[in-house]
Amino acid sequence: MLREVTADRYVTPLREGGSLPGLVEAGAGGLWVAKFVGAAQGRKALVAEVVSGELARRLGFRVPELARMEVDPRVAVGEPDQQVQDLVKASGGTNLGMAYLSGALGFDPLAFPVDPKLAGRVVWFDALIGNVDRSWRNPNLLVHGGELWLIDHGASLIFHHNWPRAAASARKGFDASDHVLLPFGPDVATADAELGPRVTEALLREVLALVPDVWLDAEPGFDDPDAVRAAYVAQLAARAAGPREWVSL
Ligand SMILES: Nc1ncnc2c1ncn2[C@@H]1O[C@H](COP(=O)(O)OP(=O)(O)OP(=O)(O)O)[C@@H](O)[C@H]1O
Ligand SMILES: [Mg+2]
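Reading the values: rules and limits
- Sequence order as written defines the numbering, with residues in each chain counted from 1.
- All chains are assigned letters beginning with A, and all ligands numbers beginning with 1, in the order in which they are written.
- Per-residue local features are limited, in this predicted model, to residues with pLDDT of at least 70; the limit for side-chain atom pairs, both in listing and counting, is 80 or more; totals at the level of whole chains, interfaces and linings are taken over all residues.
- By convention in this description, side-chain values take in all heavy atoms of the structure and omit both hydrogens and water.
- Coordinating N, O and S atoms are those within 2.8 Å of the metal (3.2 Å for Na, K and Ca), and as water is not part of the atoms, a site may appear to have fewer donors than expected.
- In DSSP terms, a helix is any run of H or I states spanning at least four residues, a strand is any run of E spanning at least two, and both are numbered starting from the N terminus.
- Three labels apply to residues, based on accessible area from a 1.4 Å probe with only protein chains included: buried if under 20% of the type maximum, exposed if over 50%, partly exposed otherwise in between.
- Bear in mind that the domain bounds are from an automatic or database domain assignment.
- In what follows, a contact means two residues having at least one pair of non-hydrogen atoms within 4.5 Å.
- A pairing counts as a salt bridge when a side-chain nitrogen of Lys or Arg comes within 4 Å of a carboxyl oxygen of Asp or Glu.
- The definition of a polar contact used here is a pair of N or O atoms within 3.5 Å, where within protein one atom must be able to donate a hydrogen and the other to accept one, and adjacent residues in sequence count solely through side-chain atom pairs.
- Following the grouping adopted for this structure description, the nonpolar residues are Ala, Val, Leu, Ile, Met, Phe, Trp, Tyr, Cys and Pro, the charged ones are Asp, Glu, Lys and Arg, and the polar ones are all others, Gly among them.
- Axes, fitted as lines to C-alpha atoms, cover a helix only where it is in contact. Angles between the N-to-C directions of the axes lie from 0 to 180 degrees.
- Left-handed describes a crossing whose near helix is turned anticlockwise from the far helix through less than a right angle; right-handed describes the clockwise counterpart.

Q: So what exactly am I meant to see when it comes to the coordination of the magnesium ion (ligand 2) here?
A: Each donor-metal-donor angle in an ideal tetrahedron of four donors is 109.5 degrees, and each such angle in an ideal octahedron of six donors is either 90 or 180 degrees. N140 (OD1) and D152 (OD) make up the full set of protein donors to the magnesium ion (ligand 2), lying at 2.1 to 2.2 Å. Taken together, the residues N140 in the loop between α3 (116–129) and β7 (141–144) and D152 in the loop between β8 (147–150) and α4 (163–166) connect sequence positions 12 residues apart. The exposure class assigned to D152 is buried, which follows from its relative accessible area of 18%.

Q: In this structure, what is going on with the domain arrangement of the protein? I would like to understand it.
A: Bring the parts together and some accessible area is lost; that lost area is often taken as the interface size. Considered domain by domain, the protein is made up of domain 1 (3–99) and domain 2 (105–248). Across the contact, 28 residues belong to domain 1 and 38 residues belong to domain 2. There are five salt bridges connecting domain 1 and domain 2. R43 is the partner of E219 in a salt bridge, and the nearest nitrogen-oxygen pair spans 3.5 Å. For the pair domain 1 and domain 2, the interface holds 14 residue pairs in polar contact (both at pLDDT 80 or more). The set of elements that each furnish at least two residues to the side of domain 1 that touches domain 2 consists of α1 (43–58) and β5 (93–99). Across the side of domain 1 that touches domain 2, the residue classes tally to 15 nonpolar, five polar and eight charged.

Q: Looking at this structure, I do not really get the pattern of salt bridges. What am I missing?
A: Where charged atoms of side chains with opposite charge meet at close range, the side chains can pair. Overall, the coordinates contain 21 salt bridges when judged by the stated rule. For K35, the salt bridge identified is with E49, shortest N-O distance 2.6 Å. Taken as a pair, K35 in strand β3 (residues 30–35) and E49 in helix α1 lie far apart in primary sequence, 14 residues in all. Under the relative-accessibility criterion, E49 is labelled buried at 2%. Here R57 and E54 are joined by a salt bridge, their closest N and O atoms 2.9 Å apart.

Q: What exactly am I supposed to notice about the packing of α3 against helix α5 (residues 188–195) here?
A: Each pair of packed helices can be summarised by the angle the axes make with each other and by the distance between the axes. Where α3 contacts α5, the axes come no closer than 8 Å and their chain directions differ by 65 degrees. For the pair α3 and α5, the sense of crossing is right-handed. Contact residues: α3 offers K117, G120, R121, V123 and W124, while α5 offers V188, T190, A191, D192, E194 and L195. Grouping the constituent residues of the contact of α3 with α5 by class yields five nonpolar, two polar and four charged.

What follows is the structure in structure tokens.
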């Protein structure tokens, strides 16, 4: 189960984010980054955050804690920005919270060297989930406590936007030419040997169980949320099973 928190106060928008995430106080003053279900990216972006984020965590990457965040739209009544007002108003119910890493810095490849092993693991993982959102323009990596943290997986798992064609794309190659960690000489082969066998159906089922039903309900072509979960498991298991030609750079 993901932890459940309730938004007590909308603090401020995080303007760098295209989906207009907000900094929110929830549960005993804890600070969370809220990703709103009413954003243009839609609920599937939140599914991708949970599936990719929790899979990354289980493969040994640092990922801020993820939580279900219940939002009453009234938390934003005092917010002067109309865009924020509209977004929060459209997001009553279950949203995604990500623990706010206070004092974290945006990743700068010139200031924070990454060893080829870790770079290889990140590139391999992004190839698995089809994440093109880790470029030098938009690294979606934070540096906190001297370590590299992965954030923002909302644009990954693009196959879920077209389920009828998903299976046919399971082994599709990944173009890493824009990846922010490419200059560090990522050792993708070692990462593949180490991580590939760990992406099992059992692990994927554990991860999919964390996705709230309300983000999977009424998906066209599926009877119920568990049927959608099974489709994600099958898709990612097929991609992780050998041969993994999508890995080559
Ligand atoms: N857990 C966190 N701790 C601290 N800062 C964070 C955290 N999550 C996000 N941020 C900050 O907020 C910014 C926007 O977050 P994020 O990239 O997740 O939003 P987005 O709307 O998906 O963005 P994008 O424009 O990349 O699609 C990040 O670039 C980072 O500066
Ligand atoms: Mg981002």
